[in-house]
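# Examination of the molecular architecture
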Amino acid sequence: MTDLDKMFKPESVAVVGASNSEGKVGYIVLSNIINDGFKGKVYPINPKDDEIQGIKAYKNVSDLPEVPDLVVVCIPSRFVNPVVKECGEFGVKNLVVITAGFKEVGGEGAIMEEEMSSYVKEYGMNLIGPNCLGTTDSHTPINSSFSQVMPPEGNIAFLSQSGAMMVALIDWSLTADIGFSKIISLGNKAGTTEIELMEFLADDPDTAVVVCYSEAVAEDEDFVRTLRKVSAKKPIVMLKSGSSSAGAAAASSHTGALAGSDMAFDTAFEQAGIFRVTTMDELFDVALAFSKCPLPTGPNLAIITNAGGGGVVSVDTMERVGLDLVKFDEETNARLKEAVPPEGSIKNPIDVLGDAPVSRYKETLEIVLDSDGVDGLMIMVCPTASADADGIAQAIVDGSAEFDKPVLVVNMGGPTFENANELLCNNGIPTYVFPETAVKVFEYLARFAAIKNRVYDDPVNEVEDIDKEAIEAIFEKVKADERDTLLGSEAYAVAEAYGIDAAPIKLATSPEEAGELAEEMDFPVVLKIASDKILHKSDIGGVKVGIQSKEEAEEVYKEIIANAKKAHPDIIPNGVEVQKMMDSGIEVLVGMIRDQQFGPMIAFGMGGVLVNLLEDVSFRIAKGLTTQEIVEQMEDTKVIQLLKGFRGEAPGDIEAVKEAIVRVARLTLDFPEISELDINPIFVYEEGSSALDIKIKLD
């Protein structure tokens, strides 16, 4: 990909398919470029006309007197690829292909799109589309789309995979007091993806926040790390539609059964610092705040209201989203006591009463914003008979001007607040109708402030004491045996090669060998049938525990083999596995399910027989996994309370569990043929841990 700057700030634009016929796409696109303020050179391309909309026309792109910075293509699909190739040969670096009829229709269209992509790569061009509505940049300005209107100027960049969503949004923005830096219709993403556009927008001085509607996220080999670089500079708010949990049913292990297909997106977005929302309202409620507000320095929110009910709703919402209700210091309390009548309340939320005059609002908000313990302020106004909506709005503007803290206003009403809302928005203060929305928006602001200050380490790549060759040899043997599941002894050897603490398991192929291995391990030991084809080993008498002598081990070997032959006469077992019997500990699970797009997803949660019943599990993407994210993953579960020492019980070795997660992540990244890995349970002791049951499945 070359520099995208000229895609949005071109000095010259060519329109292939420009037309004199009103209503045609080529007419609308050219008209928009001419009439919406573009100051550069415009070149209509059409072999049938010498002049289009009063401008000299050219037969082909290669006939132009210069290489245009941008070419917009709106001709029938069968003619598009020759034009794309011609542009590449002529030196064009930026293309917008509005034409539809490609991958979205399948068949020949998909083949044509592949050819288009090959030209884009061959000639190093940026391509937006095909099957899109085009792009706009309100600061250039240029409207190279076939939208009917130019969106208002602002600092929100909007990327949309849906052209209809883009058109509706532009029309809505004309009355919603929302302005845009750029609006980009992504279309089929045959060339430039939303990820590349986000990387560009991260350094765009006209953009404060990136908003994206997407139905399918472009693949990136290092999605989490790539988007972290963007989210460290600019907030990204994404509405990802098309969620589904059907993928969970395809997995066979405990780990797989707990993962849904949409879980990967949630996890990847969270680790990348992307804010995922679920509705269009929320998308732009959040974007509006990011476009106008300074960032808070922490999660401490103060509330001023003239209605007690709104304050209660706000506090409930704060608790749900994890925000802290500020407790004011003595000095602030003393000042508030002077400003608020005794009938009101100076505790947070501050109730200034329904008859509060403008002066009371102004004095109170200045006191609160002046407090060092306050990171942000939410002001609620109900339209009581005595409430001066316009005066309160002006007081908020004047009173908050000297403070670099976010102020959100909840004007709970309709027509009463029209002028007040306009005044506030024009002065960089977002307004909302209901308190729950404002609380959630502040939570996003506080979260982004924390993301900007986060330091990312890379513990997975720092693991060194590993033996890849040993695992390669094990996997080669498994594949040679035409198996896709490792035996317990093989899985233990894999764990041992990557430094994952586990109870030793060895394979015996005779009673004598079972006795010798048991004696080497120290008693007691466990014996279990070794076969990837026998799933419920205990049910057939294939597992015996508490074996105390060599002689007993030899006899149990014979018994287990006999039980297996009786239950499954058609299966020849690999032998019997001998495992060191470990002391009980706190049971946890560490596992992996491989997502098709984001790679290994590491699971941590409650282990043992209750894993599927309680579903106490949390996931993280392995690639880019940090120490802080492992801590957060563990804190997402209830089993962390057991590890910390629940109700006087001894705590578990949390550091040992972190180490197991890191090493499983490294193993599954190093060996992409591992499709599923399940360690359940791991016994966690006061010092150290030991994995008991390890299942590894290969693709």
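Within any chain, residue numbers begin from 1 and follow the written order of that chain's sequence. Since the coordinates come from a predicted model, pLDDT governs what is reported: local features require at least 70, and pairs of side-chain atoms require 80 or more to be given and counted, while whole-chain, interface and lining totals use all residues. Side-chain metrics in this entry use all non-hydrogen atoms of the structure; hydrogen atoms and water are not considered.

Here the focus is the overall build of the protein. Secondary structure is summarised from DSSP: a helix means a run of H or I of at least four residues, a strand means a run of E of at least two, and numbering begins at the N terminus for each. Of the regular secondary structure elements, the protein holds 24 helices and 30 strands. Projected onto the principal axes, the alpha-carbon positions of the protein cover approximately 100 × 80 × 40 Å. Of all 699 residues assigned to the protein, the portion counted as buried reaches 55%. Only heavy atoms enter the contact rule, under which two residues are in contact if any of them lie within 4.5 Å. Pairs at least 24 apart in sequence give 70% of the contacts found in the protein among residues at least 6 apart. Split by element, the accessible area of the protein, about 29600 Å² in all, is 48% carbon and sulfur. For every residue, the accessible area (1.4 Å probe, protein chains only) is compared with the maximum for its type, and the residue is labelled buried under 20%, exposed over 50%, or partly exposed between those bounds. The Shrake-Rupley method, run with a 1.4 Å probe sphere, supplies the accessible areas, and residue values consider only the shown protein chains as cover.

So, on to the pairing of strand S9 (residues 142-145). Covered by surrounding structure in S9 are Ile-142 and Ser-144 together with Asn-143 and Ser-145, the residues of both alternating faces. Strands are labelled as partners when DSSP assigns at least two bridges between them. In terms of strand pairing, strand S8 (residues 134-137) meets S9 through 4 bridges, oriented antiparallel. Counted as the bridge partner of Gly-134 is Ser-145 from S9. Connecting S8 to the antiparallel partner S9 that follows it, the hairpin turn spans 4 residues.

Across the chain, each position has a pLDDT score giving the predictor's confidence in that residue, from 0 to 100. The pLDDT averaged across the protein works out to 92; a share of 96% of its residues lies at or above 70. Per-residue pLDDT stays below 50 along residues 244-254; that stretch engages in 25 contacts with residues further than four places along the chain or on separate chains.

With that out of the way, let us pick up empty space enclosed by the protein. Computed over the protein atoms alone on a 1 Å grid, cavities are sets of points where a 1.4 Å probe fits but cannot get out and pockets are open sets with protein on both sides within 12 Å along at least five of seven lines; a residue lines them when it has an atom within 4 Å of a point. Grid points are joined across faces, edges and corners, and a volume is the space filled by probe spheres set on the points. Counted by the stated rule, this structure contains 1 cavity of 30 Å³ or more. Considering only enclosed or pocket space, the largest cavity measures out at about 30 Å³ in volume. Lining the largest cavity are Ala-491, Val-494, Ala-495, Ile-500, Leu-667, Leu-677, Ile-679, Ile-694 and Ile-696. Within the residue set of the lining of the largest cavity, elements represented by two or more residues are helix H18 (488-497), strand S28 (674-684) and strand S30 (694-698). Each residue belonging to the lining of the largest cavity can be placed in one class, and the counts come to 9 nonpolar, no polar and no charged. Each residue receives one of three labels: charged for Asp, Glu, Lys and Arg, nonpolar for Ala, Val, Leu, Ile, Met, Phe, Trp, Tyr, Cys and Pro, and polar for the others, Gly being one of them.

Attention shifts here to the sheet that holds strand S2 (residues 41-45). Spatial ordering of the open sheet is given by S2-S1-S5-S6-S7, a layout of 5 strands whose pairing is parallel. Of all strands in the sheet, those bounded by a partner on one side alone are S2 and strand S7 (126-128). Strand-to-strand twist across the sheet, computed as the mean angle between neighbouring axes with direction ignored, equals 15°. When strand S1 (residues 12-16) meets S2, the two strands line up parallel, connected through 5 bridges. Across the sheet, residue Val-16 finds its bridge partner in S2, namely Ile-45. Helix axes are fitted to C-alpha atoms over the stretch in contact, other axes to C-alpha atoms as well, and angles between N-to-C directions run from 0 to 180 degrees.

Attention now moves to helix H3 (residues 80-90). Buried residues of H3: Val-80, Asn-81, Val-83, Val-84, Glu-86, Cys-87 and Gly-88, and no others. Where the residues of H3 are buried, they touch S1, strand S5 (70-73), strand S6 (94-97) and helix H4 (108-123). One or two steps after H3, the chain reaches Gly-91, where phi turns positive at roughly 100°.

The next point concerns the layout of surface pockets. In this structure, the largest pocket encloses a volume near 1400 Å³. Around the largest pocket sit 45 residues that line it, and Leu-535, Lys-537, Asn-680, Asp-693 and Lys-695 are the ones nearest its centre. Those elements giving two or more residues to the lining of the largest pocket turn out to be strand S22 (525-530), strand S23 (543-547), strand S24 (575-580), S28 and S30. The element best represented in the lining of the largest pocket is S28, accounting for 6 residues.

What follows covers the state of the cysteines. Disulfides are defined as cysteine sulfur pairs within 2.5 Å. For the structure on display, the rule yields 0 disulfides. Its sulfur unpaired, Cys-87 is 12 Å from the next cysteine sulfur, which belongs to Cys-74.

This part is about helix H17 (residues 468-480). Between the first and last residue of a helix there are one fewer steps than residues, each counted as 1.5 Å, and that sum is the expected span. Given a rise of 1.5 Å per residue, 13 residues ought to cover 18 Å, and the 18 Å separating the end C-alpha atoms of H17 matches this to within 8%. Ile-471, Ile-474, Phe-475 and Val-478 are the residues of H17 that are buried. With its buried residues spanning 95° around the axis, H17 presents them on a single face. H17 presents Glu-469, Glu-476 and Ala-480 as exposed residues on the side facing more than 90 degrees away from its buried surface. Buried residues along H17 sit in contact with H18, helix H24 (654-670), S28 and S30. For H17, the N-terminal cap is Asp-467; the gap from its side-chain oxygen to the backbone nitrogen of Glu-469 is 3.4 Å. Note on H17: the residue one or two positions beyond its end, Glu-482, has a positive phi of about 60°. Picture the helix axis, draw a direction to every C-beta atom, and the arc is the one those directions span. Any N or O atom pair separated by 3.5 Å or less is treated as a polar contact, with the protein-specific requirement of one donor-capable and one acceptor-capable atom, and with residues adjacent in sequence counted only for side-chain atom pairs.

A carboxyl oxygen of Asp or Glu within 4 Å of a side-chain nitrogen of Lys or Arg is what we treat as a salt bridge. All chains considered together, the criterion is met by 35 salt bridges. Glu-11 is paired through a salt bridge with Lys-6; the nearest N and O atoms lie 3.1 Å apart. The salt bridge involving Glu-490 is made with Arg-483; its shortest N-O contact spans 2.8 Å. By relative accessible area, Arg-483 is classed as buried at 8%. In this structure, a network of salt bridges that share partners links the residues Lys-9, Asp-137, Lys-182, Asp-204 and Asp-206.

Another aspect to go through is the environment of Asp-670. With respect to the helices and strands, Asp-670 occurs in helix H24. In this structure Asp-670 comes out as partly exposed when scored by relative accessible area, which is 23%. Spatially, the C-alpha atoms of Asp-670 and Cys-425 are 51 Å apart, while their sequence positions differ by 245 residues. Apart from residues lying up to four places away in sequence, Asp-670 is in contact with Ile-466, Lys-468 and Tyr-498. Polar side-chain contacts of Asp-670 include one of 2.7 Å to the side chain of Tyr-498.

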